[in-house]
Structures are given as structure tokens and as C-alpha cells.
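Descriptive structure summary
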There are 2 protein chains.
Amino acid sequence: MFEEERKRSIVHFVEKHTRASVQELSQELGVSESTVRRDLKELEESRLLKRTHGGAVSLQSVNFEAAIPEKADRYLDEKQRIAHKAVEMIQDGDAILLDGGTTTLQIAKALRAFSNLKVITNSMIALNELKDCRNIEVSITGGLLRQDTLAFVGPMTERSLEMVRVDKAFLGTNGLDLREGITTPNMLEAATKRKMISVAKQVILLADHSKIGQVSFCKVADLREMDHCILDRETPEGFIRGLKGLDLDYTLV
Amino acid sequence: MFEEERKRSIVHFVEKHTRASVQELSQELGVSESTVRRDLKELEESRLLKRTHGGAVSLQSVNFEAAIPEKADRYLDEKQRIAHKAVEMIQDGDAILLDGGTTTLQIAKALRAFSNLKVITNSMIALNELKDCRNIEVSITGGLLRQDTLAFVGPMTERSLEMVRVDKAFLGTNGLDLREGITTPNMLEAATKRKMISVAKQVILLADHSKIGQVSFCKVADLREMDHCILDRETPEGFIRGLKGLDLDYTLV
DNA sequence: TTATTTGTGATTGTTTCTGCTCACTTGTGA
DNA sequence: TCACAAGTGAGCAGAAACAATCACAAATAA
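Residues numbered from 1 in each chain as written. Chains lettered and ligands numbered in written order. Predicted model: local features only at pLDDT ≥ 70, side-chain atom pairs only at ≥ 80, totals over all residues. Heavy atoms only, no water.

Chain A is annotated in an unreviewed UniProt entry as DeoR family transcriptional regulator from Paenibacillus helianthi.

**Details of the sheet that holds strand E1 (residues 19–21) of chain A**
All names here are of chain A. The strand order across the open sheet built from 3 strands is E1-E3-E2, with neighbouring strands paired in antiparallel fashion. The open sheet has two free edges, formed respectively by E1 and strand E2 (50–52), since each of these has just one partner strand. Here the average twist between neighbouring strands, direction ignored, is 25°. Strand direction decides the pairing type here: E2 and strand E3 (residues 55–57), joined by 3 bridges, are antiparallel. (Pairing = 2+ DSSP bridges. Helix = DSSP H or I, 4+ residues; strand = E, 2+ residues; numbered from the N terminus. Axes fitted to C-alpha atoms, helices over the stretch in contact; angles between N-to-C directions.)

**Observations concerning the environment of Ala 95 of chain A**
Residue and element names in this part refer to chain A. Structurally, Ala 95 is set in strand E4 (residues 95–98). The exposure class assigned to Ala 95 is buried, which follows from its relative accessible area of 14%. For the pair Ala 95 and Arg 165, spaced 70 residues apart in the sequence, the C-alpha separation amounts to 8.0 Å. The residues touching Ala 95, leaving out its near neighbours within four places in the chain, are Lys 118, Arg 165, Val 166, Asp 167 and Lys 168. (Buried < 20%, exposed > 50% of the residue type's maximum accessible area, 1.4 Å probe, protein only. Contact = heavy atoms within 4.5 Å.)

**Points about the domain arrangement of chain A**
Under the domain assignment used here, chain A contains domain 1 (3–57) and domain 2 (70–252). Taking only C-alpha atoms into account, the centre of domain 1 of chain A sits 36 Å from that of domain 2 of chain A. (Domains from an automatic or database assignment.)

**What to know about the pairing of E4 of chain A**
All names here are of chain A. Covered by surrounding structure in E4 are Ala 95 and Leu 97 together with Ile 96 and Leu 98, the residues of both alternating faces. With 4 bridges joining them, E4 and strand E5 (residues 117–121) adopt parallel strand pairing. Its bridge partner being in E5, Leu 98 is matched across the sheet by Thr 121. Remark: the E4/helix H5 (residues 102–110)/E5 crossover connection has right-handed handedness. Bridging between E4 and strand E9 (residues 166–171) involves 3 bridges; their strand directions are parallel. By the bridge assignment, Leu 97 is partnered in E9 with Ala 169. (Right-handed = clockwise from strand over helix to strand, strands pointing away.)

See below:
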């Protein structure tokens, strides 16, 4: 790797993570810490980043981090398995819709591998993940920013969604119950999800077992409106029997 | 193989792989490293690639990444003064529209001081700046992400904008000319700006002196459609006379 | 043909890059 | 506030890459 390329990688790394330690960079790039320091010094001189004691930070950091840090995310492992299955269902050339939430975020992280994809989402975090993928066309729904989830909701979101038709929509949820169907605590969010369902050829619901049996304030849809559900293998027996009873397509991962 | 052919091969190789070492090229073309170096030197002089220690890299990849940060820094001081003036024009309770670009970004940075404000923008960078201000209600227009400017454009953006009416819109531009009016290089962007103008009670144009006299590919609007212009004090005399001639309201900062 | 120019490869001294060491500075927690 | 760990910069040395030069061969011109 040339010096030029290395420096560009550093800037890119710092932009992406908003920060980077000398150690990290040294390992990441396979060069000594001396070299990293030299590079950082020059990059700072050309105003491409700001040095700090121990590393560097991005100058104009556009970085939308989840309110819940990934490590603290409960059921992360389940979510990743669910996302992995979801990605298997996507084909190159698809137009897909990603709902907000931490489960769908895991999908976004895995999308880089595709070479031709249209993605539309209402999640700032998912967008952040995809913003530098040159081979993915990313759109966002407009709307009002919910500052706790960094997702957009509201009439503008619905209006934006009216303009698109997608092959597959991947929906997250707060509650999932055989009788009450899919529910979430927020009215605007529920309306947004309903609209998402209506613009997708195929709707795929993602939920780890902690969501099952939960019923929240606002109803989004009945279970039968889903085309497929991806659940984890700790899903209670009873719920699975219920799904079979509804003749609903599902996968356990 | 003639020298010309060889040089073209080199450029082609570098473009294709985004990089090439002297060794690689020497082997690939069956000539000595001396020759490769000579060629690279001349190719760099004719600006067909960029030399590095050990080889060369494609120009495209260089420009891509340098685009944002480099642009951000030029005329920063002017932009801050312009933004400062713009912020003075905003009142608590206003609904304002922020265009994308680095000048309007400076406005976003200064908005934290307000206690009650509705902001709508198509700029991911501005959104980033405002996302954790609890006293500001931030909305974003939907749309397709332009990965180089991190702004949203396109039909979805326009559709979102149709849903709002704002007190003041703050517009940036690439080109500003007495005869040709306001112009930008991107068609979608131009359409977005036009829509912005149509939903605002008052349109305020922001431009540092580097924009003046510039004419880009797509026309956004005539100068007379602006309600106010904020320019810096290095704006050429002739341009200011022109503004007066048009009876246009302006401020120099 | 002969003289001259041009392009190329080899050689050589010089420059640049990189990792290491070590003395010094900075940040942190007791 | 002090001590200690972590991070830093300067200098050095080896390796790699480089520019300059020369020599030779092929193309061109006389």
C-alpha cells in the first residue's frame, strides 16, 4: 500500500468511526505506530482530521450512532442471526425497505456485499451505515426525527413512502402476539409501519423472542398480513403452533 | 509497442486498478522500471494520474474523497460571518428551511441557542448537527442521498417539501450571476432548490464571493426571486451595483 | 552509407520511507 | 499534587524507490 492510499484509508477510517486510536490504525493498516503518527501529523496539517492525544478525531463528523450502543443491545446475537437470514432473502437488483430499529440495522450492516441494490429506510442509523456504499442507492423517507430512536415518522414519512414500491420490506416491531398482532408504543410509528406494509410486494417481519407475547399501545397490523416471519429458535412452542394455525410462513434461526 | 501505446496502457491499468506499483507496470508492459518511472513522470505532468512513492494512483479516487473536507474549509471565515447574519434574521418560533451545503451548515451550528424552532432540511450534515437539540424540532425531506454532498435530492424530496410551509428558507448556491441568476451543477439539486423557494414566505440567499460570477449547468431561479441576499464584503463592486439596479435587498458581512 | 536523434536499460549516488530506540511530555487516578 | 503509565517527537539506520547519467541500439535524416 502506498503512502497516499494509507493516508486516505486513515481519513476514511476516522470519518467512519468519528475517532481512531494510533494503535487501532497501526493494526488496521499493518504499519508501525510511528508511521501512523507521522501520517496523522500530515493529515492534520492538510486539515483532514484533528489529532488528539492517543489518536485522531474526525473534523466534520456525520455519524449517527444508535442511542443504545451495540454492546448493550440485548439479544444482539439473535438479531444478527435474524438479519443474516433476512439478507439471504435479498437478491441483487432488489428494491428493499428497511424499517427503523436495531434488528434492521443489522441488515444494513450486511448489505455492503451487494453490488446493485436500492434501499429506502426511515432510519438515520441505517442510512449512516450505507451512506458511503457506492453500489447501493440509498433513499430516506422524510419526516420528523424521533430523537430517541433516530428514525423518521409522521405524515411526511408516509407521504414519501407513497412514492415508492419495493420488492421487500423488512419490519421490526415492539410487540408480537397471536391475537393482537403487531403492536408498537408510538402512534406515528404505527402509522408509518402500516404505510410500509402497503407499498411492499412482500413484507418480512423480524422479531427476537423477547418481543413475543408483548402487546403495545398501537396496533400496526395483523400477523396474517405478513408474508414471512424471521424468529429466533427460542420462540415459544405455543407461538409457533399459532403461526402454523394461521398458515403463516416463518423461519427459525 | 510504441511509447504512446505504452503510456495509454499505463493510464488504463491505473484507472482500472485505482493504483499500480512501478514493479507491476514494469512486468505488465515488459519494460524496465526506469522507463516506467519516466512515463509516470510525464503522465503526471499531463495530469492523467498521480504519482506516489512506489507507483501511481488514479486521479478519480483522489478527487472523490478530497471533495468534501477540502471544500468545507475554503472561505470558512466568510461562511461563518454569513451564517451569523442569517441567524440574526431568525426569531424564536420560526419554521425555517435549510438547504444543503457548507454555508448553511454554519447556520445549523448556530441554531442551538434558540429555544423553540422548527427546522426542516435536506442536508444530512445539518441534521447531524441538530439531532440532539431537544428544543428544536427537526424534520428532514426524504429523497435520494447524494453521496458526495450528503444531501437529499429528487422527486421524493420535492414531494416532502410540498407538505410544509416555512417562514424563511436559507439557500446556498454554486453560481451566482447578475444575468444568469442562481445556478448549480446538478439537475435534481436545482429542482429541489426551486421547490424550496416555492414553499417559503421569505427566501434568503447565502453566497461568499467565490460564487459570484459563476454560472453552472442548471438554472435554479432569477435573482429577483430572492427576498434577501447575504454576501461577504469582498463581493465585487459591479455585482453590488447590479443588485441595487435590481432593487434587491442585501447585506454585506 | 553515415551522422544524428530518440528511446531504452543499466548503473550509481541520492532521497524518501519506515520502524526502532530513547528521552521527554501529557493525562490520569490515587 | 505527585507518580506512573501511556503517548509523543527526534534521531538514526536499513531498505526501497528515485533521479541523473551513461551507453547502446534502433529509427530517422542527410
